[in-house]
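Structural description and commentary
Spelled out, the chains give:
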There are 2 protein chains.
Amino acid sequence: MTAQLVLTALPGVPLVQEGDDLARLILDGLRAAALQLASQDVIVLAQKIVSKAEGRAVNLAEVVPSARAIDLASQAAKDPRLVELILSESRRVLRIRPGLMIVEHRLGFVCANAGIDHSNVTGCAPEPDECVLLLPKDPDATSLRLASELERASGATVGVLIIDSHGRAWRTGTVGVTVGAAGFPALMDLRGRPDLFGDLLQITQVGLADELAAGASLLMGQADEGIPVIHARGLPYPLRPGSAKELIRPEEQDLFR
Amino acid sequence: MTAQLVLTALPGVPLVQEGDDLARLILDGLRAAALQLASQDVIVLAQKIVSKAEGRAVNLAEVVPSARAIDLASQAAKDPRLVELILSESRRVLRIRPGLMIVEHRLGFVCANAGIDHSNVTGCAPEPDECVLLLPKDPDATSLRLASELERASGATVGVLIIDSHGRAWRTGTVGVTVGAAGFPALMDLRGRPDLFGDLLQITQVGLADELAAGASLLMGQADEGIPVIHARGLPYPLRPGSAKELIRPEEQDLFR
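About the thresholds
- Residues numbered from 1 in each chain as written.
- Chains lettered and ligands numbered in written order.
- Predicted model: local features only at pLDDT ≥ 70, side-chain atom pairs only at ≥ 80, totals over all residues.
- Heavy atoms only, no water.
- Least-squares fit on C-alpha atoms with pLDDT ≥ 70 in both.
- Contact = heavy atoms within 4.5 Å.
- 1 Å grid on protein atoms, 1.4 Å probe; cavity = no way out; pocket = protein on both sides within 12 Å on 5 of 7 lines; lining within 4 Å.
- Points joined across faces, edges and corners; volume = space filled by probe spheres on them.
- Helix = DSSP H or I, 4+ residues; strand = E, 2+ residues; numbered from the N terminus.
- Nonpolar A, V, L, I, M, F, W, Y, C, P; charged D, E, K, R; others polar.
- Buried area = accessible area lost by both parts, 1.4 Å probe.
- Salt bridge = Lys/Arg side-chain N within 4 Å of Asp/Glu carboxyl O.
- Polar contact = N/O pair within 3.5 Å; in protein donor to acceptor, adjacent residues only side chain to side chain.

Another point: the relation of the copies chain B and chain A. When chain B is fitted to chain A, the residual RMSD is 0.0 Å, and the transformation amounts to a turn of 180 degrees plus an axial shift of 0.0 Å. The transformation just described matches what one would write down for a two-fold rotation axis. Of the residues that chain B buries at the interface, 100% are likewise interface residues in chain A, meaning the two copies contact each other through the same surface.

This next bit is on empty space enclosed by the protein. Enumeration according to the criterion identifies 3 cavities of 30 Å³ or more in this entry. Counted as a void, the largest cavity has a volume near 300 Å³. At the level of elements, strand E9 (175-182) and helix H6 (208-220) of chain A together with strand E9 (175-182) and helix H6 (208-220) of chain B are the ones that each hand at least two residues to the lining of the largest cavity. Each residue belonging to the lining of the largest cavity can be placed in one class, and the counts come to 12 nonpolar, 6 polar and 6 charged. Roughly 60 Å³ of internal volume is contained in the second largest cavity.

Right, let's get into the interface of chain B and chain A. At the junction of the two partners, chain B supplies 73 residues and chain A supplies 73 residues. Looking at the side of chain B facing chain A, the largest losses of area belong to Trp170(B), Arg171(B) and Leu218(B), adding up to 14% of the total buried there. Scanning the region where chain B abuts chain A turns up 4 salt bridges. For the pair chain B and chain A, the number of links is 38 residue pairs in polar contact (both at pLDDT 80 or more). If you list the elements that add at least two residues to the side of chain B that touches chain A, you get strand E1 (4-9), strand E4 (90-97), strand E5 (100-105), E9, strand E11 (205-206) and H6 of chain B. Considering each element in turn, the side of chain B that touches chain A owes the most residues, 9 residues, to H6(B).

Scope: geometric values only; no functional claims are made or implied.
Below you can see the structure in the form of structure tokens.
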């Protein structure tokens, strides 16, 4: 049998507003794509629509920057109010340069600007430029809730990933990475799996959820919210409970933090 | 129209030997999958089969470690002969710990052990444990040659990626990344592309080839060489000349090297 991984961008997903029922939007999108959920399917969501549904848009005009935010903002050449939000979403600042602020997010991962998004965010302020979007509050929990709702509606056991695009050390360009996961083997442990010649492999842990996040991100594109939901079929590993936290390297094992 | 990205693992690709004609193997695999190459298709190859075809297997018994290799080997708790090969494939060593040696590869990217592979490598030494595999000599050039050969055979303009699995700063698990590319927009520059509301985006460069590498890697699996070639169809961006070098962050812009 020929193994195939098929990623489908669900059509017609409308612009998401605070309070929208994402499970309903996903099910509508599946219908529009003439897809029926089957067990082993995975739904990949752009974090942006999850954040919007959760009401994570913030009007910068309502943010009062602290003295520390004002100081760091001058180092980063950023709006002090944005820096205040970055700090409130972060455990600590790792690097700061003009135009660049790399932090350890409160959810554990390392990223620029605490994942706060500035483009295509409207509705929370009279001026679109004043409206920014924080990452979802608890993307693992949201993934789990959506997986349950999709299972209830379809009878199928599915995985759910919430993804963002992060920059990387050493390599240029952002790639899709997983910030929330449920029902998916986020980190796939191939330690001791026999290879072709029956020897034991050395330690190999694969960031499976990030691999799927990257592939789905490619299809989502970056500049518009038009295809924020991807349906994936053909994952060659069984689904299991999982969490995006599996993908965070503990600081004491991180030689590059 | 519903956008779809379809990744197909080509069946029946035999174990590769030095001197094998990879274009021929790819074309045979496409036939076995009942696929005809069309323009905009992309072929993704595991680096391992490219290295094998190029005869990059090395018998450790034939390697004489230098004094420096012996010293570093004791710090890394590795075979000094393997460390000698790592050094010969690298520009410099970035981090060294027991069990871990992270280098800047002569091709520019940062990775563990200079990408030298130890599993499922046979044929260069009486003992399989003594046989290791270096990365391809010039994976961009090989990608370009293969893209030309595939175009000549099919009439279709296709992209070719050669991929490996790399560990990452900050996150656990390896993910597929591109080490050689031709005919593919490795780094996709979305600077200035208008977003949904017509504003200009800030700088956004997407590591498109790495996103496809990751998705293809998911389907390849890690432990066997059985599916080292993936056919990808549905890339939502036009192909163009490209190189894996686009994905290497210049050191002076790298805050984590």
